[in-house]
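# Geometric and topological summary
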Amino acid sequence: IKAWVGGINHEHYKYDHVLARRQAGSVFKPLVYLEALEQQIDPCEYYPNDSVVYQEYEDWTPRNADRSYGGFYTMKGALTHSVNTVSVELMMQVGIDSVLDLCQKAGIRSPLPAVPSLALGTGDVSLYEMVGAYQAIANKGVALEPRYLKRIEDRTGQVLAEFGPATKGSSICSPENAEVMIEMLRGVVNRGTAAGLRSRYGMTADIAGKTGTTQNYTDGWFIGFTPGLVAGAWVGGDLQNVRFRSIEYGQGAYAAMPIWAGFMKNTFKDEYWSMLGKDTFQISTSTRELLLCDDFTDKKPRQFRPIKKLKEKKIFKRLFRRKEK
């Protein structure tokens, strides 16, 4: 851990916002999409942008932030533009329990609700936990325990114990799917909800990340990373009834992302850390080709159906059985 800012002044107000649990909003979505990749769902699969009522969950209906519906988003496009309807549909397809299991692997220990709205980040988690989960993605699917203590010395300066960076971690997904997720989160920065990092703040470094905004603009989030550093910012009131009045300033892109941008730009200017702004993600050609599809289309295009899907249909079962013989 390179930096930890939990509040204005701990001497006067002993409350650490890094460890405080708040609703995560859309910064939670990458975990849903990562589980979908783990279940071999094609990131170019199209999903309808429809308003759906989930009757078994008290007739709950997810709403998009812009209240716009219609057309079809690819899985990749839905993450890029933070489409709520598709995110919920995707989680229901992969299973809520599967997403919860992935969260546990990624180091999220906060209790999370097993409901469809979890896909939109309605669970209370800490910034510490979410930055740790993004670290696992950035580290090609390997979660490492964050460490902030380098060594312990006595009053004479004698070193009693030393703590190097964690070397052994636990896998939360395949390296290939982590790479696909990194490329999808790069898309969020280059042409999605975090594009302001390019246009407004003039950042040219190779960055992947995700914005997050909770209900009634109570919490604003941004978590992003370069190949060598992960950082996150949360903005909100100590009391949850303290909030912004509109999405114009209440969304994560306007509330939290400027903090992240300022921190990172100063980091890149530092003589010791400047190399972090020059590193680039090593994305394979196969991953780039996998994501060669549009984000959105008005009409659902015809998609190639793999042989394994054809085999599932009764009409083709006998045909394939004969060929195999």
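Attention here is on the structure that accompanies the text.

### Structural notes on the overall build of the chain
Along the chain, the regular secondary structure elements total 13 helices and twelve strands. The C-alpha atoms of the chain give a radius of gyration of 21 Å, which matches the 20 Å a tight globule of 325 residues would have. Dimensions of the chain, computed from the C-alpha atoms along their principal axes, are close to 80 × 50 × 40 Å. Burial analysis of the chain (325 residues in total) assigns 44% to the buried set. Partitioning the contacts of the chain with sequence separation of at least 6, the portion at a separation of at least 24 is 69%. As presented, the chain carries roughly 18300 Å² of accessible surface, and 49% of it is formed by carbon and sulfur atoms. Charged side chains in the chain number 42 positive and 36 negative. The centres of these two groups are separated by 6 Å.

### What about helix H10 (residues 257-269)?
Here H10 spans 18 Å end to end across 13 residues, near enough to the 18 Å set by a 1.5 Å rise per residue. Of the positions making up H10, those classed as buried are Met257, Trp260, Ala261, Met264, Thr267 and Phe268. Taken down its axis, H10 places every buried residue within 130° of arc, on the same side.

### Topic: the sheet that holds strand E10 (residues 219-225)
Spatially, three strands are ordered E9-E10-E11 in an open sheet, and the strand pairing comes out antiparallel. Both edges of this open sheet fall to strand E9 (208-213) and strand E11 (230-236), since each of them pairs with a single strand only. The sheet shows a mean angle of 5° between the axes of neighbouring strands, taken without regard to direction. Relative to E10, E9 is paired through six bridges, and the arrangement is antiparallel. Residue Lys210 lies in a different strand from E10, and its bridge partner there is Ile223. Where helix H6 (residues 175-191) meets the sheet, its contacts fall on E9 and E10, and the angle it forms with E9 comes to roughly 65°.

### Here's the deal with the state of the cysteines
Tallied over the entire structure, the rule returns one disulfide. Left without a disulfide partner, Cys103 is nearest to the cysteine sulfur of Cys173, which lies 12 Å away. By relative accessible area, Cys103 is classed as buried at 0%. When its relative accessible area of 4% is taken as the criterion, Cys173 is described as buried.

### Side note on unusual backbone geometry
Positive phi, close to 55°, is recorded for Glu58, a residue that is not glycine. Positive phi, close to 55°, is recorded for Arg67, a residue that is not glycine. Along the chain, Arg67 turns up in the loop between strand E2 (46-48) and strand E3 (72-74). Residue classification places Arg67 among the exposed positions, given a relative accessible area of 54%.

### Observations concerning the sheet that holds E2
The strands making up a sheet associate through backbone hydrogen bonding, with each pair oriented either parallel or antiparallel. Strand order in the open sheet formed by three strands is E2-E3-E12, and the pairing between neighbours is antiparallel. A single partner strand is all that each edge strand has here, and the edge strands are E2 and strand E12 (296-297). Sitting on the sheet, helix H3 (residues 84-94) touches E2 and E3, and the angle it makes with E2 is about 110°.

### Digging into H3
For H3, the tally of buried residues reaches eight of eleven residues, placing the bulk of the element in the interior. For H3, the set of buried residues is Asn84, Thr85, Val86, Ser87, Val88, Leu90, Met91 and Val94. Buried positions along H3 lie against helix H1 (29-38), E2, E3, helix H2 (75-80) and helix H4 (96-105). Positioned one or two residues after H3, Gly95 has a phi angle of 100°, which is positive.

### What to know about the layout of surface pockets
Space inside the largest pocket adds up to approximately 1700 Å³. What lines the largest pocket is a set of 50 residues, and nearest its centre among them are Ile1, Lys2, Ala3, Val131 and Val230. Tallying contributions element by element places E11 first for the lining of the largest pocket, with seven residues. The computed volume of the second largest pocket comes to approximately 1000 Å³. Considering the residues around the second largest pocket, the lining is formed by 40 residues, among which Arg63, Asn64, Ala65, Asn84 and Thr213 are closest to the centre. For the lining of the second largest pocket, the leading source of residues is E9, giving three residues. Classifying every residue of the lining of the second largest pocket by side-chain character gives 13 nonpolar, 23 polar and four charged.

Rules behind the numbers
Residues numbered from 1 in each chain as written. Predicted model: local features only at pLDDT ≥ 70, side-chain atom pairs only at ≥ 80, totals over all residues. Heavy atoms only, no water. Helix = DSSP H or I, 4+ residues; strand = E, 2+ residues; numbered from the N terminus. Rg over C-alpha atoms; globule rule 2.2 N^0.38 Å. Buried < 20%, exposed > 50% of the residue type's maximum accessible area, 1.4 Å probe, protein only. Contact = heavy atoms within 4.5 Å. Areas by Shrake-Rupley, 256 points an atom, 1.4 Å probe, with all protein chains shown as cover. Lys, Arg positive; Asp, Glu negative; His and termini not counted. Charge placed at Lys NZ, Arg CZ, Asp CG, Glu CD. Expected span 1.5 Å × (residues − 1). Arc of directions from axis to C-beta. Pairing = 2+ DSSP bridges. Axes fitted to C-alpha atoms, helices over the stretch in contact; angles between N-to-C directions. Disulfide = S-S within 2.5 Å. 1 Å grid on protein atoms, 1.4 Å probe; cavity = no way out; pocket = protein on both sides within 12 Å on 5 of 7 lines; lining within 4 Å. Points joined across faces, edges and corners; volume = space filled by probe spheres on them. Nonpolar A, V, L, I, M, F, W, Y, C, P; charged D, E, K, R; others polar.

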